[in-house]
Structures are given as structure tokens and as C-alpha cells.
Protein chains: 2
Amino acid sequence: MSSAAASIADRTWEGAGTAEPLLAELRGALGDAHVLTGADAEGHLTDQHRRLTGRALAVVRPADTAQVAQVVRLARRHRTPIVPQGGNTGLMGAATPDGSGRAIVLSLARLNRVCAIDTDNDTLTVEAGAVLAAVQQAAREAGRLFPLSLGSEGSCTIGGNLATNAGGTQVLRYGNARELVLGLEVVTAEGEVWNGLRKDNTGYALRDLYVGSEGTLGIITAATLKLYPLPQSQHTALLAFGCIHDAIAFLGAARAGFGAGLTAFELMSDTALGLIAQHVPEQPIPLALGAPWYALVELSDSEGEEHARERFEAVVGQSFEDGLVADAAIAESLAQGEALWRLRDEALGEAQKRDGSNVKHDVSVPISRIPDFLAETAAALEERFPGVRPVAFGHLGDGNLHYNVSHPAGGSPSDVFAVEDAIHETVHDSAHAHGGSISAEHGIGQTKRDLLPRYKSAVELDLMRRLKAAFDPLGLLNPGKVLPPAATPLRLHPEASPAP
Amino acid sequence: MSSAAASIADRTWEGAGTAEPLLAELRGALGDAHVLTGADAEGHLTDQHRRLTGRALAVVRPADTAQVAQVVRLARRHRTPIVPQGGNTGLMGAATPDGSGRAIVLSLARLNRVCAIDTDNDTLTVEAGAVLAAVQQAAREAGRLFPLSLGSEGSCTIGGNLATNAGGTQVLRYGNARELVLGLEVVTAEGEVWNGLRKDNTGYALRDLYVGSEGTLGIITAATLKLYPLPQSQHTALLAFGCIHDAIAFLGAARAGFGAGLTAFELMSDTALGLIAQHVPEQPIPLALGAPWYALVELSDSEGEEHARERFEAVVGQSFEDGLVADAAIAESLAQGEALWRLRDEALGEAQKRDGSNVKHDVSVPISRIPDFLAETAAALEERFPGVRPVAFGHLGDGNLHYNVSHPAGGSPSDVFAVEDAIHETVHDSAHAHGGSISAEHGIGQTKRDLLPRYKSAVELDLMRRLKAAFDPLGLLNPGKVLPPAATPLRLHPEASPAP
């Protein structure tokens, strides 16, 4: 036993002796350099926000799909759980092992090749460990757009994006990750390879099932993705609205006027912009504060600069005349457009960080219910936790709100984190009561797992458990993620159903 | 026992006596008028093309979701299979019972209410038995577009569209039925109701799994659908191309120039247009025949008539100058546009019928592989079946080709139907060899069921069987559809997998 292996095994696994044969087999299969233990493994055992830390027997780094399958077969023979990991940027802890130290972490980082680009077919085939920005770049070099875009794109992987069904700022036009994939290659719990990379509408939708399953049903090793034409021109503006109803009415007008050209509609509350003004003074805000709602709106045009400008100004101008838009700052150059996007992409996160962290949510609410959701959630929070400040922003076009809750002015983050669970419950209950959902683009992982029984029916949880048992009967694929522990035994037996 | 019941029971089920208790319970639950037997049931036992006829204990017509669930629980208690049926327009026999006479047909026709339209949220909630045209109409009356559009829209139901993951002429822009649904309500094999109508990205993708499962995993009873803005203007043209490569290059130019405005690209071969000229002389064809390929192209514009015309003429004009487009007939009026669509929607089908029926396919091939697929398939057919005439047309923008094979000139349909299976194999093998699939928008049903093992891996078939066993352990939901009989036992036991 090498000293490094001894160190991590001692730290993580009381029955270390029983793990050694597996580690030796993994080293034999992948080479010593790709079975990380000790300090080399540390970075893989904690999530990026350092809120969750787990333990593991080892972190393994297979080189290709065949090695992933081999690792799964070896782990399976030793009844050892497997935690798949991409860029380790997930927000819900799906890629962090639990504290038992029984699992291995399977990093997809070395599977990072762009395998094929087909511009006639507008598809790109890529391995799961490719970084999202590299996938975007490969598409751009071929004169195409891969539209998935989100904050961590410089380090998250496409496999992780698919495993969590990631969203992002372009979801209004192009949909979540699931809608951007035509085919998958997946290693099953038995260590077999399902090659489903070709577009295929026959049979059950395995592709769609694996997307969003966070490594609990299989391990995505490659994907065939959809590409789109690069827009000829993009126009961006920051708009102010006198009330949330006006913002929603303008969204309707922009949908009608821009059609599919409307590629982003990022809502931000006055509180959100106020935090930027206070904590990130170097970030310009081209509108006066004081309106309750703002939105960053993007038009992508397939015809060119002049047409885009005319079209943009026509729709915004008409809405201004109609009284829907209270104020507008239209970017006059690429640089101004980028500055507006920095407001949303960077300054808003930085401002919340400098203000002290807050209690975060990723809810989805039908757009027509958002006004009531906002009013009632704010009232419920104020009643239960006087003075807390809701910081609401998000992809309004998709009904996805990041409804974060900051501590009262003059207080400190511990004011809200001391009652974190109660705040979560208030916000999630309200989203649910308004026909919404408690996660839109971040997944479930370990963090939201135990919330599901409150918001999902027993029928749905039962169907999910049947799926898990069917695809992973030994329960070795990312155990403890997504699925809450069963309060009652699985209802797989046909006689257990209710009488008619 | 009523005489009608006796008649169908005698005709369908040798052990009629054992069926009577179930029939009595169904009558008690639904009322006599909604348990059809005898002549009243006949229309539900044969597919619309009258190629498949089955038998059944009865056809039941529940009024709502609760009654659907009740029927499932009653049938389950009697271990009686259930064949769900919408408009009975399917092409693969998924809604036709088998010949055993053991099943009941469950018609969703009475569940035809439009439950809610939410224009702020751009969603429509509808029961499964609503006719597609009624769904389109309800959307239109609310100032919105529900884009699913296909030949049988006047009689097919949205539930059937979802169960088969239907495609249609707008799939290039809006995707198959699966991409148009946000939520589902489903009755499970146990007769429980899963209410998944709200948009919800948490947990496993049950919604996407039920879509396309053709009633074998659950019975869809309602759906929440996506709506889109109505286009302000649409322009249609018939274009001629000197070779298939030019048609594909023009598709690329139209994608780049029209962006999401490109809503249809319907390819038709010279043989296809020639059949119309020969058999449907009342249908005008505004271009000279003689080019090998034609396409009906549609631009949908969100800005208006003048803009649409300019844009259309700019892209088509440039491609004409570039030599990609050999000839073009641009519709100058709504009436001319509708006449062009009739060419594709009605005349083409009628011409094939008048020519004598042909052997039909619904393949999907990556667009970049279509030229080789066309050349090699035609050569393989000519070698094996000299003189047969491929009639190729389809949704080129989605790689979906209806590659039909007509009898040699001077012969009769029996020439091709005598070798139907060999023709299917030739066409399907070629599609598969070119990275394609044997069904794009028609589903699998019973007709293509036994073809799957030739084109799907054992791994995939095994995963499909696990899904079926997990969701329908008694095998009562539409048995014999989609899933081929297992040649080997289910590999559900964890030890049955290969050694590492």
C-alpha cells in the first residue's frame, strides 16, 4: 500500500483493508497517476462553494469511455458506490461524495475531446468532460452557435450540464440542456456502454431520462448536441418598469415583436440593482435607480445590424409610448452591450457576495402567477423574518427566478442562515402554491433531496424509485442524490396497489 | 348478457364467461352507453388504413381522468390488457388490439376539454382526447400558435400525438411533440393518477418518458402544451434544385438567413411531383418538371408582410445567383401559398394512392448523409428489385424522409407488396448504415416492433424492458406494442451482468 493511499484510506474508510484490492485493480486499469488519493484528491471532495465536504476511497480519472465502463465493473464487483464528477461546479452537491468514505469519485475530466462537428447536420459530438466554454468555442469556430450559456461556463463540463439539465440565460429561446441534445453515450450500472449518440426517435426516451438524472441512473460519457446559426447581430438594453405587471406585458410584446429573436429576458429587482450600486461602484448602471423592476433584454437577429436596431427600437419605442416601459438604456456598441451583460453575469453575484452571502433559491413559477408569487412571498417573509431583503432576479422568459433572501439592513448573514430552512420553506411553499417548482436549473443533488416529498406526490416518488431500482438495482450510482430515502418500502409488487 | 355483448364476446374471446364480470363492472362504472360491444365497437378494432384488425372484449369510453383510473383498476383486477386509443389515426397499429380478444380498448375520445389557456405563460392545458385541430383552434382564438401540424390533424388527438411523439411539417422549427409539452397527467398501470401538469424540472423526466411510449408505460389523460406567437406573415415558395447537394446547401443558407423564421422545408423528388402531374392533374404545379429535387419552403415572420417578402426574396435571390436554386415559384397571395401546401399535404398522398399503394418508410438520416443515403438506397433497390420507383419526400430540415417504394412502371402494387419485408430491410438497413433511424415521427406500434432488435443494441433493448417491467409489472398496458418479445430473460438480476 502506498503511503498516499494509506493516508486517504485511513482518513476515509474504517475498513481500509477491504478497499485495497479495488484500489490495486483500479491502478492496474488506469495507471497509478489516475487513481488519486491523499492531497491530490482533496479538491474533488468539496463542492465549489465549500459548503459540503465528503470523503472517498479514491478519485479515479479514466481516459475514455471504455475505461469508465471498466471502472464501473470493478467498483460493482466490490460493491463500491460511484460518484460521477465533471467540473465540480454544481450548486446542489450532486458531485460531492457523502461522508462515509465508501465511494470512489469518477472524474470525467480526461474525456474532453470534441469528436465531430457536422455543419450540414448542425450537430457536434463531444465527450462528457469537455468544458462548456470549449464546446461553445468549437461551435463558433465552425460558424455555429451552441447556445447553452451560464456563469460557470469556463469550468463546468457538458456532461455535468446534461446530468443536471442546466439552464442559463438563453433558455427562453433554446431551452434547457435537455432540449439541446440529440443523442447520448452512457455507461450503465452494469458497466455496459449504451451508444445512443445518433438521433433516434424509436423506443423509450432513454436520452431524456438520463439528462437531469444527476448520475443516479447511468454515467453520461458523450453527447451529440444541436447547433444553431450564429446571430448576425445582437442588441441589448436595460429597461425599467413601473411594476411587475408592466414587465410581464412587455415580455409578451417582445415575444410577439421579436419572435424567436428574443434570446434573453433577465429580470432584476430594484434591491438587486441597489446592491450593485452599493457594493460594486465600478460597475456602471445606465439607468436611474428607483423603479421597482428592471430587465436586461437581448434581441438576436439573423439579418444584420441595421435591421436589428430598427426592430429593437420599434418594439421598445412602442412599449414606451404604451406606458409599459418607464425608462430604457439601449447599448450603442458591442462594448456597451457587454457592460450591460456584466451587470447581470458578474456584478450581481459579486454584490451579493460583498453584502454577505444570502439564502438562495432557484424556483420556477408560471409567468402569469409571478406577480402574486412575488407579493405573497415578500409578505410571508416580512411577517416571519422582519426586515429581510428579497433579492429577486432571473430568467423571466422561462419563469425561473433566483429569489435570494439577504439579511436585514444593519444585520449580518448569520441572521438569515440561522433560519435558513424556514426561509427555504417559505419561498418553496409559495412557489409550489403558485403552480411552480423548487428547482429550475440547478438540479436536486443532496441539498434539495429531502425537500422533494413535500412537493411531489407519493405516486411520482414511487415512479422515480422504480426507475432507480430498474436501472441501478444495487444502488451504486451516486447514492443519496436526487431520490429521498423511502419512508415506505418500494411498491414494486403488483398486489400492493389500491383496490379499484 | 345483452345480445350485443354476446355477439362481440363470442367473436373475440373463447372464455367469454370469464369476461362478463368485468364487463358488468365497467357498465356499472361508466354506464351501459359507454361500454361498446358488437357493431358499435367495430370501428375501434381496425386501424385507419384497414391493414390491421384486432378483437376486444369491449371498447370503453370513460368521461374523465377519474374514470380512466377506475377502468384501469377494474381491468387490472381482472388481469385484462388495455389498449389506449385516441383518434385511431396511427400508422403503426399502436392503437389496434391484437387478435386474442382478451383486451379492452380504452377510448380517450370523451376527454376532449380544453381546460385552460394562459397567454401570459403561453401555455394551454387540454385533455388527451381533444382533436389536434381543436387544440390549434383554441390557441388561435387566444392569439397564439400551437405549432404541431400534420395530415390527420382533423381527427387525430393530442394524446395520440404525444403517445407517438408525432412530428409534422413544423418540426424543423418547433420540434416533435415531446418538445411542445411542459407537463402531463398520466394514469399508471396501478390505476393511480400522476398529476405532472405543472412545469417541473425536478426529479426524473417522467414526462419525456411517457411521451413516445405509445401507451405501454401509462395512459396520458391531459397535457400542458407550449404556445408560440402567431406569425405576422408567412411566405411560401416551391424551389427546384439541380442536385440534392444544392438542396442541402440552400437549407443551410435559409437557416442562416431566416434563423428561426424557417418553419418548413419539405423536400420532394421529381418522381413524387411526376406522380402528382400524372394522377392529380387538377393540382397546379407552378414549376416545370425535370429537376431531380424540389422543396416547399416556408418563412414565418414576426414583423409583417413587406419585411417577409423582402427577406424571402433576398435569400432566395442570392441562392439563385449562387446557382443553388435552379428555379423558383414564390406564392404571391395567401391562396397561392395554400395551393403550394396542398401539393404537399394532399395531392402527394392522393397521387400515390391513385398510382396504387406503395411500401412506405419513415426514416431519419443525418442531413449530411442524405446524399449518400439516397444514392445507395436507390442503387440497392434497383439491384434487388429492378424497376421499382422510389418516391422520396419529407421534412428535410429534420432529416426525416418518407422514402416510399412504388411498383415498376407498367406493373401493379402487388409487385412491391410481395417483397415488402425485403424492401423494408433494404431501406432501413441503408438508413441505419448512414447513422439514421427507422422511425422519425410515426412510432413503432406493432408494425415495426420486431424490427427493433436488428437496429438497437442488446443494451438498449434491455434498458427498455427494465423500464416496462418497472412501470407495468403485470404487462397489461398495450401489450405487444413497441417492445419486441425478449429472446432472452430480463437481465434484472444484478449478478447477470458481465464480469469486469
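Residues numbered from 1 in each chain as written. Chains lettered and ligands numbered in written order. Predicted model: local features only at pLDDT ≥ 70, side-chain atom pairs only at ≥ 80, totals over all residues. Heavy atoms only, no water.

The two chain copies are related to each other by a rotation about an axis together with a translation along it. When chain A is brought onto chain B, the operation consists of a screw motion whose angular component is 180° and whose axial shift is 0.0 Å, with 0.0 Å RMSD remaining. Taken together, the rotation angle and the small translation identify this as a two-fold axis. (Least-squares fit on C-alpha atoms with pLDDT ≥ 70 in both.)

Turning our attention to the confidence of the model for chain A. Segments scoring low in pLDDT should not have their predicted coordinates read at a detailed level. All names here are of chain A. Model confidence for chain A is summarised by a mean pLDDT of 92, while 94% of its residues fall at 70 or above. Between residues 1–17, whose pLDDT stays under 50, and residues either more than four places distant or in other chains, the model counts 29 contacts. When the criterion is pLDDT under 50, residues 488–500 qualifies, and its contacts beyond four places in sequence or with other chains add up to 25 contacts. (pLDDT = per-residue confidence, 0-100. Contact = heavy atoms within 4.5 Å.)

Turning our eyes to something else, we now look at the interface of chain A and chain B. Accessible area lost when the parts come together is the quantity often used to give the size of an interface. Between chain A and chain B, the contact holds 86 residues from the first and 86 residues from the second. Overall, the association of chain A and chain B removes approximately 7,300 Å² of surface from exposure, summing both partners, and the carbon and sulfur fraction of that is 52%. Taken together, the connections running from chain A to chain B amount to 14 salt bridges. Between E303 of chain A and R311 of chain B there is a salt bridge; the shortest N-O distance is 3.2 Å. Here chain A and chain B share 37 residue pairs in polar contact (both at pLDDT 80 or more) between them. (Buried area = accessible area lost by both parts, 1.4 Å probe. Salt bridge = Lys/Arg side-chain N within 4 Å of Asp/Glu carboxyl O. Polar contact = N/O pair within 3.5 Å; in protein donor to acceptor, adjacent residues only side chain to side chain.)

This part covers helix α11 (residues 305–321) of chain B. Given a rise of 1.5 Å per residue, 17 residues ought to cover 24 Å, and the 24 Å separating the end C-alpha atoms of α11 of chain B matches this to within 8%. For α11 of chain B, the secondary structure elements touched by its buried residues are α11 (305–321) of chain A together with β12 (233–241), α9 (244–258), β14 (293–301) and β15 (327–330) of chain B. (Helix = DSSP H or I, 4+ residues; strand = E, 2+ residues; numbered from the N terminus. Expected span 1.5 Å × (residues − 1).)

Right, let's talk about the packing of helix α10 (residues 270–279) of chain A against helix α12 (residues 334–354) of chain A for a bit. Residues and elements named next belong to chain A. Running from amino to carboxyl end, α10 crosses α12 at an angle of 75°, the nearest separation of the two axes being 8 Å. With respect to α12, the axis of α10 lies roughly perpendicular. Packed against α10, whose contacting residues are A272, L273, L275, I276 and H279, the element α12 presents L343, A347, L348, A351, Q352 and R354 at the interface. Within the contact of α10 with α12, the residues separate by chemical class into eight nonpolar, two polar and one charged. (Axes fitted to C-alpha atoms, helices over the stretch in contact; angles between N-to-C directions. Parallel < 35°, antiparallel > 145°, perpendicular 65-115°, else oblique. Nonpolar A, V, L, I, M, F, W, Y, C, P; charged D, E, K, R; others polar.)

Summed over all chains, the structure comprises 56 salt bridges over all chains. For D208 of chain A, the salt bridge is made with R178 of chain B, and the minimal N-O distance between the two is 3.7 Å. Pair noted here: D208 of chain A is in helix α8 (residues 206–210) and R178 of chain B is in the loop between α7 (171–174) and β8 (181–187), and the two residues belong to different chains. Pair check on accessibility: D208 of chain A and R178 of chain B agree, each one buried. Here R454 of chain B makes a salt bridge to D429 of chain B, at a shortest N to O gap of 2.8 Å. Of this pair, R454 of chain B sits in helix α16 (residues 452–455) while D429 of chain B is found in helix α15 (residues 420–433), placing the two residues 25 residues apart along the sequence. For R454 of chain B, a relative accessible area of 47% gives the class partly exposed. (Buried < 20%, exposed > 50% of the residue type's maximum accessible area, 1.4 Å probe, protein only.)

What follows concerns unusual backbone geometry. In the Ramachandran plot, N478 of chain A falls in the positive-phi region, its phi being about 45° despite a non-glycine side chain. Within the secondary structure layout, N478 of chain A lies in the segment after α17 (458–471).

Once that is clear, we can look at the side chain of T202 of chain A. As for its position among the elements, T202 of chain A is in the loop between β9 (193–196) and α8. Its relative accessible area of 4% is what places T202 of chain A among the buried residues. Here the side chain of T202 of chain A touches K456 of chain B through a polar contact of 2.8 Å, side chain to side chain. Setting aside chain neighbours within four positions, we find T202 of chain A in contact with S437, I438, S439, I444, L452, K456 and E460 of chain B.

Time to look at the sheet that holds strand β14 (residues 293–301) of chain A. Residues and elements named next belong to chain A. One open sheet accounts for seven strands, arranged β15-β12-β14-β13-β17-β18-β16; its pairing is antiparallel. In this open sheet, the two strands that pair with only one neighbour each are β15 (327–330) and β16 (363–364). For strand β13 (residues 262–269) and β14, the ladder comprises seven bridges, and the chain directions are antiparallel. Following the sheet pairing, L267 is matched in β14 by A295. Along the sheet, helix α9 (residues 244–258) contacts β12 (233–241), β13 and β14; its crossing angle with β13, the most-contacted strand, is approximately 170°. Against the sheet, helix α13 (residues 370–384) engages β14, β16, β17 (389–395) and β18 (400–406), with an angle of about 15° to β18. (Pairing = 2+ DSSP bridges.)

If you look at the biggest cluster of nonpolar residues, it comprises 144 residues, and the most contacted ones within it are F146, I158 and L184 of chain A together with F146, I158 and L184 of chain B. With sequence-adjacent residues up to four places away left out, F146 of chain B is seen in contact with L132, V135, Q136, A139, I158, L180, L225, K226 and L227 of chain B. (Core = buried A, V, L, I, M, F, W, Y, C linked by side-chain atoms within 4.5 Å.)

Residue and element names in this part refer to chain A. Mapped onto the elements of the fold, T426 is located in helix α15 (residues 420–433). Relative accessible area serves as the criterion here: at 7%, T426 is assigned to the buried category. Within the local environment of T426, its side chain forms a polar contact with the side chain of R384, the two groups lying 2.9 Å apart. Of the polar contacts made by the side chain of T426, one reaches the backbone oxygen of A422; its length is 2.8 Å. Ignoring any residue separated from it by four or fewer positions in sequence, one finds T426 in contact with A380, L381, R384 and F385.

Below, the discussion takes up the sheet that holds strand β8 (residues 181–187) of chain A. All names here are of chain A. Strand order in the open sheet formed by five strands is β5-β6-β10-β8-β9, and the pairing between neighbours is antiparallel. Two strands lie at the open edges of the sheet, namely β5 (114–118) and β9, each paired on one side alone. Going across the sheet, the axis of each strand differs from the next one's by a mean of 10°, ignoring polarity. Pairing analysis gives five bridges linking strand β6 (residues 123–127) to strand β10 (residues 219–226), with the strands arranged antiparallel. The partner of T123 across the bridge, within β10, is K226.

Let us look at the pairing of strand β18 (residues 400–406) of chain B. Residues and elements named next belong to chain B. With seven of seven residues buried, β18 lies mostly within the body of the structure. The alternating pattern of β18 places N400, H402, N404 and S406 and L401, Y403 and V405 on opposite faces, both of which are buried. As paired strands, strand β16 (residues 363–364) and β18 are joined by two bridges and run antiparallel to one another. By the bridge assignment, S364 is partnered in β18 with N400. As paired strands, strand β17 (residues 389–395) and β18 are joined by seven bridges and run antiparallel to one another. The residue bridging H395 from the neighbouring strand is N400, located in β18. Between β17 and β18, which follow one another and run antiparallel, lie four residues, and G399 among them has a positive phi close to 70°.

Attention now moves to α9 of chain B. Residues and elements named next belong to chain B. The terminal C-alpha atoms of α9, which comprises 15 residues, lie 21 Å apart, in line with the 21 Å expected from a rise of 1.5 Å per residue. Listing the buried residues of α9 in full gives I244, D246, A247, I248, F250, L251, A254, R255, G257 and F258. Just downstream of α9, G259 is the residue with a positive phi angle, here 55°.

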